[in-house]
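# An overview of the molecular structure
If you want the building blocks of each chain, they are given just below.
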Amino acid sequence: HFHTAPMYAYILEGTLTVTYETESGPVEKVYRAGEAIMEAVGTHHNGVNNTTSPVRVLVVNIGAEGVANSTLVP
């Protein structure tokens, strides 16, 4: 998926691995409890929990009327 409006997240618990698609290939980032994420607008990415522990994320979408917060990629 990707975002058409700014999205910020804070990892409350656990570990989240996010793979971003870039022109030079995929880039993987690992975010742990206490860390923040500022997602790039229009960049395809996928977040997964590669652990056996739960992940809780506080997400703040800063959108605008008529603009989707997230767009799924088929």
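Coordinates for the structure precede this section.
Right, let's walk through the structure included here. Remember, predicted model here, so these are calculated numbers, not experimental data.

The subject of this paragraph is the pattern of salt bridges. Evaluation of the coordinates by the stated rule reveals one salt bridge. A salt bridge links Arg56 to Glu13, with the nearest nitrogen and oxygen atoms 2.9 Å apart. Of this pair, Arg56 sits in strand β6 (residues 56-61) while Glu13 sits in strand β1 (residues 7-13), and the two are 43 residues apart along the sequence. Exposure remark for Arg56: the relative accessible area of 48% places this residue in the partly exposed category.

A few words now on the nonpolar core. Across soluble globular proteins, you tend to see nonpolar side chains buried next to one another. By size, the foremost hydrophobic cluster in this structure holds eight residues: Met7, Ala9, Ile11, Leu16, Val18, Tyr20, Tyr31 and Ile37. For this core, the elements supplying multiple residues, two or more each, are β1 and β2 (15-22). Setting aside its immediate chain neighbours within four residues, Val18 contacts Val27, Glu28, Lys29, Tyr31, Glu39, His45, Asn46 and Gly47.

What counts, and at which threshold
- Every chain begins its residue count from 1, and numbering advances along the sequence as written.
- Whole-chain, interface and lining totals are the exception, using all residues; otherwise, since this is a predicted model, local features are given only for residues with pLDDT of at least 70 and side-chain atom pairs are given and counted only at 80 or more.
- To obtain the side-chain values, all non-hydrogen atoms of the structure were included, while hydrogens and water were left out.
- Note on definitions: salt bridges are taken to be side-chain nitrogens of Lys or Arg within 4 Å of carboxyl oxygens of Asp or Glu.
- Strands here mean DSSP runs of E at least two residues long; helices mean DSSP runs of H or I at least four residues long; both are numbered from the N terminus.
- Exposure categories follow from relative accessible area, calculated using a 1.4 Å probe and restricted to protein chains: below 20% of the type maximum is buried, above 50% is exposed, and the middle band is partly exposed.
- Take the buried residues of types Ala, Val, Leu, Ile, Met, Phe, Trp, Tyr and Cys, join any two whose side-chain atoms come within 4.5 Å, and each joined set is a nonpolar core.
- Any two residues having at least one pair of non-hydrogen atoms within 4.5 Å are treated as being in contact.

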